[in-house]
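# Fold and geometry: a report
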Amino acid sequence: MRVRFAPSPTGFLHIGGARTFLFNWLYARQHKGEVVLRIDDTDLERSTDASLRTILEGLEWLELAWDEQHYQSQRRERHALAAEALLAKGAAYRDFTPASGPDDDKASDAPDGKRKAWLSNPGQRELSREESDRRAAAGEPFVLRFRTPHELDGGVAFKDLVYGKQFRKFADLEDFALVRSDGAPTYHLASCVDDVELRISHIIRGQDHLTNTFKHIQLFEALSGSHPQLGHLPLLLGPDGSKLSKRRHGPIVSVVNYRDAGFLPQAFINFMALLGWSPKGNQEVLSQQELEAKFDVSGILRTNAVVQFDETSADNWAPPKAVWLNGQHLRSMPVEQLMRYVKPELEKAGWWKPEFDGAEREKILATVDAIRSRYTLLSDFSLRAKAYFSDEFEIEDKAVENLNKEGARDGLRALADRLEALPQFNHDTVEEALRSLADERGVKPGLLINGARAALSGQSVGPSAFEVFELIGKDKTVARLRAV
Ligand code: GLU
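The following refers to the structure shown.

Reading the values: the criteria
- Residues numbered from 1 in each chain as written.
- Predicted model: local features only at pLDDT ≥ 70, side-chain atom pairs only at ≥ 80, totals over all residues.
- Heavy atoms only, no water.
- Helix = DSSP H or I, 4+ residues; strand = E, 2+ residues; numbered from the N terminus.
- Rg over C-alpha atoms; globule rule 2.2 N^0.38 Å.
- Areas by Shrake-Rupley, 256 points an atom, 1.4 Å probe, with all protein chains shown as cover.
- Near = heavy atom within 4 Å.
- Polar contact = N/O pair within 3.5 Å; in protein donor to acceptor, adjacent residues only side chain to side chain.
- Nonpolar A, V, L, I, M, F, W, Y, C, P; charged D, E, K, R; others polar.
- Phe/Tyr/Trp six-rings, centres within 6.5 Å; stacked < 30°, edge-to-face > 60°.
- Buried < 20%, exposed > 50% of the residue type's maximum accessible area, 1.4 Å probe, protein only.
- Lys NZ or Arg CZ within 6 Å of the ring centre and 35° of its normal.
- Pairing = 2+ DSSP bridges.
- Right-handed = clockwise from strand over helix to strand, strands pointing away.
- Contact = heavy atoms within 4.5 Å.
- Core = buried A, V, L, I, M, F, W, Y, C linked by side-chain atoms within 4.5 Å.
- Axes fitted to C-alpha atoms, helices over the stretch in contact; angles between N-to-C directions.
- Salt bridge = Lys/Arg side-chain N within 4 Å of Asp/Glu carboxyl O.
- Expected span 1.5 Å × (residues − 1).
- Left-handed = near helix turned anticlockwise from the far one by under 90°.

## A closer look at the overall build of the protein
For the protein, the count of helices and strands is 22 helices and 12 strands. For 484 residues, the compact-globule estimate of 2.2 N^0.38 gives 23 Å, and the C-alpha radius of gyration of the protein, at 31 Å, exceeds that figure by more than 25%. Based on the C-alpha atoms only, the size of the protein along its principal axes is roughly 110 × 40 × 40 Å. As displayed, the protein offers around 22000 Å² of accessible surface, 49% of which is attributable to carbon and sulfur atoms.

The structure is reproduced here in structure tokens:
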């Protein structure tokens, strides 16, 4: 099995594209197959380096490695040779009235009535080979078209991996362009030639390509005598029921926005996997290994997938389900693995110290493990965890309220003295010291516990306070309690 993902570098990496890549990837991994990344950059005018970079960045962020990478623009010669061969065997013909018909890939999007008019090009299909060669040699511009066998009754049939049996009559398929009048191959030609020559066995792509597939199957047959297996994926829609687009739906559509907002690739992958696929047993939180094991093309739904999110809130654009899944992954993945993503976050915040990779590694892992229980996004580590990594942190308003309670500050200063004198400083000894101090002073332990949490972490909520003492350590604890 060899699959491919073939983005055109004419924009950003769309969530729909990333999902196509993911489904291909999972399908190939399951069958010990290979994944080819093919950059469809034949449209030199619309392809840009910036776009290519964001697409690659997005794909790399997902950490789903591919086995081969090809650039379609480097295969122009192959496309030209294939076009010649198709012309030579009569599967294609020159149309010297380029303006009269579909000159590019958009043909399939033309309204039906319009397409019918181009279906075949009377007079052009029938030109003798001699006349065609002569006019071409004289420099007359032409479009090379595929010769759909309109004279035959039948049509193109295939079994879609997802949607099952498909059929379209020849009479409804136009003589689509293979080479434009400027000599550039169309998407149809370049894509099919490359699919054949790169030995792609399975093509999985968006349902919006279904119309193309009827053309491609004919072209594959003409090029190689057979065709890869094809499957189409349900579309992704916004809550308003329209196809997900940046213009209509904003940041939700672009993959790198999830990275920048502090999503874990594993969680984002889990989120995408559930867009149009449903695992047996309905388990929603799936690790990558589980996804690899459970993914099944027969579980791909035939109905379009709606991405739910709040369309009115630009600040809070992320789909709640994606955020929820992120929290689940963030809390359950091995802490060493999570640390790979937390480190850049702390570096960005300027709190990372080399010791964290050395002598203090265990301590940092324990800290991350404790504080993650209340976090959902990686950005929480830089937004909410400063006190654990730096001495210059602020105490949030709600936490200040806990310090302002009657008897809190005095109590915490007394607690500092007690803790300083402890021969052993850990969760249990601190708890005992705090509770007996509260007793002696006739205050509730909660007053000191909440006050200490505020003084040590700057926050009113967080992991168990006694855990916080241990994570912050004796010296800093004493200093912070005194500083209240
Ligand atoms: N470059 C095409 C696209 O981005 C590839 C479609 C296909 O998978 O054949 O739509």
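## What to know about the site of the ligand
Taken together, Arg-4, Ala-6, Ser-8, Asp-40, Tyr-187, Ser-191, Arg-205 and His-209 make up the full set of residues near the ligand. Between the ligand and Ala-6, the relevant distance is 2.7 Å, taken from a nitrogen atom to a main-chain nitrogen or oxygen of the residue. Take His-209: an N or O atom from its side chain is 3.0 Å from an oxygen atom of the ligand. Expressed as a share of its isolated accessible area of 300 Å², the protein-covered part of the ligand is 78%. Its residues assigned to classes, the shell around the ligand shows two nonpolar, three polar and three charged.

## What about the packing of aromatic side chains?
For the coordinates displayed, the defined rule picks out 17 aromatic pairs. Taking 4.4 Å as the distance between ring centres and 35° as the angle between the ring planes, the aromatic pair formed by Tyr-258 and Phe-268 counts as tilted. Of the two residues, Tyr-258 is situated in helix H9 (residues 255–260) and Phe-268 in helix H10 (residues 265–273); the sequence distance between them amounts to 10 residues. As far as burial versus exposure is concerned, Tyr-258 and Phe-268 are alike and both buried. Pairing Tyr-375 with Phe-381 gives two aromatic rings, centres 5.0 Å apart and planes at 85°, and the pair type is edge-to-face. Here Tyr-375 falls in the buried class, since its relative accessible area comes to 2%. Among the residues examined, Phe-381 registers a relative accessible area of 0% and is labelled buried. Linked through ring pairs, Trp-61, Tyr-258, Phe-263, Phe-268, Phe-271 and Trp-317 together constitute an aromatic cluster. Over the ring of Phe-23 we find Arg-19, and its NZ or CZ is 5.6 Å from the ring centre. Cation over ring: Arg-94 sits above Phe-142, and NZ or CZ is 5.2 Å from the ring centre.

## Some thoughts on the pairing of strand S9 (residues 202–206)
A large share of S9 lies buried, amounting to five of its five residues. When S9 meets strand S10 (residues 229–233), the two strands line up parallel, connected through five bridges. Counted as the bridge partner of Gly-206 is Leu-233 from S10. Taking the sense of rotation as the criterion, the β-α-β connection linking S9, helix H7 (residues 210–224) and S10 turns out right-handed.

## Remarks on the side chain of Arg-135
Inspection of the secondary structure puts Arg-135 in helix H5 (residues 129–137). Assessed through its relative accessible area of 19%, Arg-135 is described here as buried. Setting aside anything within four residues of it in sequence, one finds Arg-135 in contact with Phe-96, Leu-127 and Glu-140.

## Focus on the nonpolar core
Core analysis: the largest hydrophobic core is formed by 55 residues, its most contacted members being Ile-15, Phe-21, Leu-62, Phe-268 and Trp-277. Counting only elements with at least two residues in this core, the list comes to strand S1 (2–5), helix H1 (15–30), strand S2 (34–39), helix H2 (49–62), H9, H10 and helix H12 (320–332). It is H1 that contributes the most residues to this core, nine residues altogether. Here Trp-277 is in contact with Phe-23, Leu-286, Leu-291, Lys-294, Phe-295, Asp-296, Gly-299, Ile-300 and Leu-301, once residues within four sequence places are set aside. Grouped together as the second largest cluster of nonpolar side chains are 53 residues, Ala-370, Ile-371, Val-430 and Ile-449 included.

## Digging into the sheet that holds strand S5 (residues 143–146)
Spatially, S4-S5-S8 is the arrangement adopted by the three strands of the open sheet, whose pairing is antiparallel. Across the chains shown, the open sheet's two edge strands, defined by having one partner strand only, are strand S4 (92–95) and strand S8 (177–179). In this sheet, neighbouring strand axes are inclined to one another by 40° on average, regardless of whether the strands run parallel or antiparallel. In this sheet, S8 lies alongside S5 in antiparallel orientation, the contact comprising two bridges. Among the inter-strand pairings, Arg-145 is bridged to a residue of S8, identified as Ala-177.

## Observations regarding the pattern of salt bridges
For the coordinates displayed, the defined rule picks out 35 salt bridges. For Asp-240, the salt bridge identified is with Arg-248, shortest N-O distance 3.4 Å. The class of Asp-240 is partly exposed, set by a relative accessible area of 38%.

## A few points about helix H19 (residues 427–441)
Compared with the 21 Å implied by 1.5 Å per residue over 15 residues, the 21 Å span of H19 between its first and last C-alpha is a close match. Where H19 is buried, its residues touch helix H18 (408–420), helix H20 (445–457) and helix H21 (465–472). Residue Asn-426 occupies the N-cap position of H19, its side-chain oxygen lying 3.0 Å from the main-chain nitrogen of Asp-428.

## Regarding the environment of Asn-326
Along the chain, the position of Asn-326 falls in helix H12. The sequence separation of Asn-326 and Ala-267 amounts to 59 residues, and the corresponding C-alpha distance is 4.9 Å.

## Focus: the packing of H20 against H21
Packed helices, taken two at a time, are described by their axes: the angle between them and the distance between them. Contact geometry for H20 and H21: axes closest at 9 Å, N-to-C directions at 35°. In this structure, H20 crosses over H21, and the sense of that crossing is left-handed. Contact with H20, carried on its side by Ile-449, Ala-452, Arg-453, Leu-456 and Ser-457, involves Ala-465, Phe-466, Val-468, Phe-469 and Ile-472 of H21 and no other residues of that element. The residue makeup of the contact of H20 with H21, split by class, is eight nonpolar, one polar and one charged.

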